[in-house]
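Below are the chains, spelled out letter by letter.
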Amino acid sequence: MTKNNNLLAGELERLGISRRTFLKFCTSIGSVMALSPAQAAVMAEKLVTVKRQSVIWLSFQECTGCTESITRSHKPSLESLIFDFVSLDYHHTLQAASGHAAEQAREQAMHDNKGKYILIVDGSIPIKDDGVYSTIAGMTNLDMLQQVAKDAAAIVAVGSCATFGGLPKAAPNPTGAVSVADIIHDKPIINIPGCPPIPVVMTGVLAHVLTFGIPELDGMGRPKAFYGDSIHDRCYRRPYYDRGQFAKSFDDEGARKGWCLYELGCKGPVTHNACATIKWNNGTSFPIESGHGCIGCSEPDFWDAGGFYKALSTGTSNPGQWASAALAAGAAAGLASAYLNKSSKADAEKEHQPVTIEDMGGKS
Amino acid sequence: MKPIDLPVEVAQPSTGMAQAVLHELAGHLQQLIEAAKTEVIDITSLPMSSSDKQQLETLLGKGEVDITLNTIGESRIFETAYSGIWWIRHYTAEHKLISELIEICAVPQIIKTHPADMQQALARLQSLTNTEQ
């Protein structure tokens, strides 16, 4: 059936994937996207009639973790299927071409698919000193983003760097790193934060764009389907929070019993992401399941949010104000022990007592 | 590569979620009977501990039908002891559970053969009979 060659239906046929298998994949992706089962079936029907989509992927100030995440989804999965199906016309980490040939591929794709291609960006864009801190083929990231964004149908910003500035933006932000949305204002931008984002979230969004168009976004441009709930909302340890059962240190009875990690600095209540349901490493687990609190990597400025081991109740929004506010409020639980850090650590060594999280917090 | 098997077990006591799901199931089954409305509950996205899931599965029990789909990665589907309530588990090729659903319906949707698959089967069948001639 040559007529299907350029469609996903043809790809499925070529790979010998039955529609039943495909429906199964769509069901699982639909469930993580909070689509109703009826919608998942519609998605399966629509996806197979989709034409090969041109995608240009620009990597700016980033660590390649986002690309690692999306390419490490094990085959065969819908993630890999969608990712294999799109025509990735430019991705300087993955493409075989280099130098002028690579840049030519980008320009060719921009020309051939003018107004139709999807632009994926990972990494932040340095704008200080005219953007000299990061260049590709002699062109600043700033110029390249503006040039490629101009004729894109939509932009997908993947990772916390592209969506919020991420680690490059961490104080004192030496390169003047900003997000995609800080620069581009006239195109639909879908933000997929996370450090890195969950693979299926990236491909799920692509699948949604290909079938139903731009997904419903929240105030920060994030797809509600994946970022609508907090980690805390969907955490299997949530019932312990509700009962007030908290681990107080990483090796106490509560930690061993799998109680809530809120007091150990878990940022689950203020972090919007799908880790608690989709999980990581092919659905193996997510950080809280490994006994460590969420660090909130998909939230803006998570790196500067005042310490991964500070409990939220002591205030983490502004590390500068944190100390004085906590002092003023007399919320000394974490703080007093921070001052006592040195002595408690020495005592712990002496008595072979476990070093508590307050000790660690005090150290930072 | 298999992960290292560390002898650490995090206890996951039941939280009462199983009972809550039972109430929901009863409502959906009534809808199915009265309005032929099918429904799916996504177990994967509910904040249930492993003992909650175990408890729910024990409560629902096994019915008369047990189906294995040999798709890429297996799928196990069985009707619970409560007719019209099906438990569905989809696995990847590496036998990782990717989704777990409870479908309230007469026949789970994924069981039905898709017209495109039938079309392809017909083409294959025809080419088979052509070569035999």
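Just above, that's the structure.
Residues numbered from 1 in each chain as written. Chains lettered and ligands numbered in written order. Predicted model: local features only at pLDDT ≥ 70, side-chain atom pairs only at ≥ 80, totals over all residues. Heavy atoms only, no water.

Caption draft 1: Representation of the pairing of strand E3 (residues 75-79) of chain B. Residues and elements named next belong to chain B. Of all five residues making up E3, four are buried, and the element is well covered by its neighbours. Direction of pairing for strand E2 (residues 66-69) relative to E3: antiparallel, over a ladder of four bridges. Looking across to E3, one finds that Ile67 is bridged to Ile77. Here E2 folds back onto E3 in antiparallel fashion, the turn holding five residues, of which Gly73 has a positive phi close to 80°. Pairing between E3 and strand E4 (residues 85-91): five bridges, direction antiparallel. Bridge assignment links Glu79 to a residue of E4, and that residue is Trp86. (Buried < 20%, exposed > 50% of the residue type's maximum accessible area, 1.4 Å probe, protein only. Helix = DSSP H or I, 4+ residues; strand = E, 2+ residues; numbered from the N terminus. Pairing = 2+ DSSP bridges.)

Caption draft 2: Highlighting helix H6 (residues 99-112) of chain A. Residue and element names in this part refer to chain A. The terminal C-alpha atoms of H6, which comprises 14 residues, lie 20 Å apart, in line with the 20 Å expected from a rise of 1.5 Å per residue. The set of residues buried in H6 consists of Ala102, Glu103, Arg106, Ala109 and Met110. Projected onto a plane normal to the axis of H6, the buried residues spread over an arc of 120° and lie on a single side. Among the exposed residues of H6, those pointing more than 90 degrees away from its buried face are His100, Gln104 and His111. (Expected span 1.5 Å × (residues − 1). Arc of directions from axis to C-beta.)

Caption draft 3: View of the state of the cysteines. All names here are of chain A. For the structure on display, the rule yields zero disulfides over all chains. Here Cys161 stays unpaired: no disulfide links it, and the sulfur of Cys195, its closest cysteine neighbor, is 6.0 Å away. Here Cys195 is not disulfide-linked; the sulfur of Cys297 is the nearest cysteine sulfur, at 5.5 Å. (Disulfide = S-S within 2.5 Å.)

Caption draft 4: Local environment of the pattern of salt bridges. Residue and element names in this part refer to chain A. Applying the stated criterion across every chain yields a total of 18 salt bridges over all chains. The partner of Arg222 in a salt bridge is Glu299, and the shortest N-O contact between them spans 3.1 Å. Taken together, the residues Arg222 in the loop between helix H10 (199-211) and helix H11 (224-227) and Glu299 in the loop between helix H14 (275-278) and helix H15 (319-329) connect sequence positions 77 residues apart. The buried category is assigned to Arg222, whose relative accessible area is 4%. The exposure class assigned to Glu299 is buried, which follows from its relative accessible area of 13%. (Salt bridge = Lys/Arg side-chain N within 4 Å of Asp/Glu carboxyl O.)

Caption draft 5: Highlighting helix H7 (residues 141-149) of chain A. Among the residues making up H7 of chain A, those that are buried are Asn141, Leu142, Met144, Leu145, Val148 and Ala149 of chain A. All buried residues of H7 of chain A lie within an arc of 165° about the axis, which places them on one face of the element.

Caption draft 6: Here's a closer look at the sheet that holds strand E2 (residues 87-91) of chain A. Residue and element names in this part refer to chain A. On the basis of which strands lie adjacent, the open sheet formed by five strands has the order E2-E1-E3-E7-E9 and parallel pairing. In this open sheet, the two strands that pair with only one neighbour each are E2 and strand E9 (189-192). Adjacent strand axes in the sheet meet at a mean angle of 20° when their direction is disregarded. As paired strands, strand E7 (residues 154-158) and E9 are joined by four bridges and run parallel to one another. Across the sheet, Ile155 pairs through a bridge with Ile189, a residue of E9. This element, H10, spans strand E3 (118-122), E7 and E9 of the sheet and lies at about 155° to E9. (Axes fitted to C-alpha atoms, helices over the stretch in contact; angles between N-to-C directions. Contact = heavy atoms within 4.5 Å.)

Caption draft 7: Spatial organisation of the interface of chain A and chain B. Counting residues at the interface gives 33 residues for chain A and 38 residues for chain B. Counting each side, the surface lost to burial between chain A and chain B is near 2800 Å², with a carbon and sulfur contribution of 58%. The interface formed by chain A and chain B includes zero salt bridges. Here chain A and chain B share 11 residue pairs in polar contact (both at pLDDT 80 or more) between them. At the level of secondary structure, the elements contributing two or more residues to the side of chain A that touches chain B comprise helix H2 (19-32), helix H3 (37-47) and helix H12 (238-243) of chain A. The leading source of residues in the side of chain A that touches chain B is H2 of chain A, at nine residues. Partitioned by chemical class, the residues of the side of chain A that touches chain B number 11 nonpolar, 10 polar and 12 charged. (Buried area = accessible area lost by both parts, 1.4 Å probe. Polar contact = N/O pair within 3.5 Å; in protein donor to acceptor, adjacent residues only side chain to side chain. Nonpolar A, V, L, I, M, F, W, Y, C, P; charged D, E, K, R; others polar.)

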